[in-house]
Amino acid sequence: MAVKNVKKMLMLAGFSLLVSVNGFAEEQATTAKQVVENFQGQLLAVMKSGKQTDFAGRYSKLFDAVSKSHDLTKIARIVVGKEWEKLTEAQQQKLVEVFSKFSVASYAHNFKDYDGEAFVFDSEEETTKGGVVIHSHLTIPDEKDVKFDYMLKDNGGNWRIINIIANGVSDLALKRTEYTSVLQRDGFDALISKINEKIDNYSKL
Amino acid sequence: MSIFGNFCKHYSSQQMFVVLALAGTIGGCATASVEDQKIVANKADPYERINRKVFNFNDQLDNYVAEPIAKGYKAITPDFVQTGVFNFYNNLKNINVVFNDVLQAKFTQGAEDTSRFVVNSTLGLLGVVDVAKKIGLEQNDEDFEQTLAVWGVPRGPYMVLPLLGPVTARGIPGAVFDTAANPSSYVGAPVQLMSVLNTRANAEGSLKFIDEAALDPYVFTRESFLQWRNGLATDGKSSETADFEDDLGEESSSKTLADFNRKGFAGETQKFTDVSKSFTSVEQSFENTAKSFQNAADKLDKLKK
């Protein structure tokens, strides 16, 4: 009898251990692929409700989605290249803040219609520097597919998107050349006011 | 971030070329005073000072001439006619695509593109209807500049030409060859004018996109043009996976552009190796070609039913 009880208890203990390990694993294991797919799902949802939601509505929905899936601080840092080091701390903060707004605003402006598009996962690839690239494509009825490659980096245990390559055109490389060029030519204040001007335009269009 | 994704979402790469070729035509006021400003040297763009002037010139020309005409054309021409006109010219381009498929030893794709041209020229009423797409023959994008790239010819400097827009040194002989290989080049000015007009009208949305998104339309156009052409030449295999981690100031921060350019060269060498590989597998290609002819025939049979 006693033996049976011990056995039962052991089994129970084992079981509960198993459950807790599983729970732990689930909490930890938001993979790079899941981060991308969650984000794509949220984007499609915003597109689907695009007709009923105004810019401000889409913006607030996407702000959460973008900041939870993108490493906006790192992206902002990369797009100004080595100029980052020359900025004061206050300027760096300002840049991250304005850049984040701009990123979300451009999503909110550009992704407002839905014509049956869908994202399809293709493959996953690890880069030499510990990053992950998620290869996927967007299908659009009656149109050629668009390749979307997401580059993710581990940021303190969380995978975050740092670049999106659409049909071979790298958003990060594009922005980086553009931003460093504006910074070097016109200076920091001009860069910020240009970005603000663009955000303003997006909200009105 | 990736607003560019949305750009691509709406425009096929064919249209994208048009957009970028026309993109010397946008964002006037933002760049108007650029001549007085200090120009930052970029290795890919040694003639930036002149290029910017031409870019601004094209921009003005578009604002005052091309845009109003294209808008007028759009207003009086129904959408299906615009699509038909686009398809017609696009179909003629396929002769050149097939040429370049062969020159790049892409025999399978060459066979598909030949079927595409044949199907659209016959069932598609001289190309006005894109029947081939409906049976799964996608439009491929090949031209002589890509062929030269595959052959290992270096890209050369970026230039903006008056009226014609962005090009690289390698693109000039490319454009001459492509023009010679396109039947519509021999028909006369009105036909070409129609093509240009229709193209400009179709590009309206994309030009608006660049205008909205770009902080510096000149740089935006140059970067997307160069990246896009590079992607085409390598068939997307050179997909940019640089993570720019080195730029974060944690390591030496002076090796940004230089690194980039060196990588470009490595890419060219890789391409060259790829080509020799592709030549050695010609036999395989022929087999695939035969198969794809068979497939195309099957698809046609299905279509007839």
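Note that the coordinates shown come from a computational prediction; the quantities given were computed from them, not determined experimentally.

Rules behind the numbers
Residues numbered from 1 in each chain as written. Chains lettered and ligands numbered in written order. Predicted model: local features only at pLDDT ≥ 70, side-chain atom pairs only at ≥ 80, totals over all residues. Heavy atoms only, no water. Helix = DSSP H or I, 4+ residues; strand = E, 2+ residues; numbered from the N terminus. Buried < 20%, exposed > 50% of the residue type's maximum accessible area, 1.4 Å probe, protein only. Contact = heavy atoms within 4.5 Å. Areas by Shrake-Rupley, 256 points an atom, 1.4 Å probe, with all protein chains shown as cover. Axes fitted to C-alpha atoms, helices over the stretch in contact; angles between N-to-C directions. Parallel < 35°, antiparallel > 145°, perpendicular 65-115°, else oblique. Nonpolar A, V, L, I, M, F, W, Y, C, P; charged D, E, K, R; others polar. Pairing = 2+ DSSP bridges. Expected span 1.5 Å × (residues − 1). Arc of directions from axis to C-beta. pLDDT = per-residue confidence, 0-100.

Some thoughts on the overall build of chain B
Working step 1: Along chain B, the regular secondary structure elements total 14 helices and 2 strands.
Working step 2: When each of the 305 residues of chain B is scored for burial, the buried share is 50%.
Working step 3: Considering only residue pairs separated by 6 or more positions, chain B has 73% of its internal contacts joining residues 24 or more positions apart.
Working step 4: When the accessible surface of chain B is totalled, it reaches about 14300 Å², and 66% of it is carbon and sulfur.

Remarks on the packing of helix H4 (residues 72-79) of chain A against helix H6 (residues 171-186) of chain A
Residue and element names in this part refer to chain A.
Working step 1: Across the interface, H4 lies against H6 with an axial gap of 8 Å and an inter-helix angle of 55 degrees. Between H4 and H6, the crossing angle belongs to the class labelled oblique. Across the interface between the two elements, Ile75, Ile78 and Val79 of H4 pack against Leu172, Lys175, Arg176, Tyr179 and Thr180 of H6.
Working step 2: Taken together, the residues of the contact of H4 with H6 sort by class into 5 nonpolar, 1 polar and 2 charged.

Remarks on the sheet that holds strand S1 (residues 118-126) of chain A
Hydrogen bonds along the backbone pair up the strands of a sheet, which may run parallel or antiparallel.
All names here are of chain A.
Working step 1: Strands sit in the order S1-S2-S3-S4-S5 across an open sheet of 5 strands; the sheet is antiparallel. Only two strands of the sheet have a single partner each, and these edge strands are S1 and strand S5 (169-170).
Working step 2: Inspection of the sheet shows S1 paired to strand S2 (residues 132-139) by 8 bridges, in the antiparallel sense. What sits directly across from Glu125, in S2, is Val133.

Notes on helix H7 (residues 188-204) of chain A
Residue and element names in this part refer to chain A.
Working step 1: With 17 residues, H7 extends 25 Å from end C-alpha to end C-alpha; this agrees with the ideal 24 Å at 1.5 Å per step.
Working step 2: Of the positions making up H7, those classed as buried are Phe188, Leu191, Ile192, Lys194, Ile195, Lys198, Ile199 and Tyr202. The buried residues of H7 all sit within an arc of 160 degrees when viewed along its axis, so they share a single face. Residues Asp189, Glu197 and Lys204 are exposed on H7 and point more than 90 degrees away from its buried face.

Observations concerning the confidence of the model for chain B
Reading predicted coordinates in detail is not appropriate for stretches of low pLDDT.
Residue and element names in this part refer to chain B.
Working step 1: Per-residue pLDDT for chain B averages 71, and the proportion of residues at 70 or more is 64%.
Working step 2: Here helix H3 (residues 28-31) stands out as the least confident element of chain B, with mean pLDDT 35; strand S1 (residues 158-161) is the most confident, with 89.
Working step 3: Confidence drops under pLDDT 50 across residues 1-38; counting only partners more than four residues distant or on other chains, this segment forms 127 contacts.
Working step 4: In the predicted assembly, ipTM is 0.73 and pTM is 0.69.

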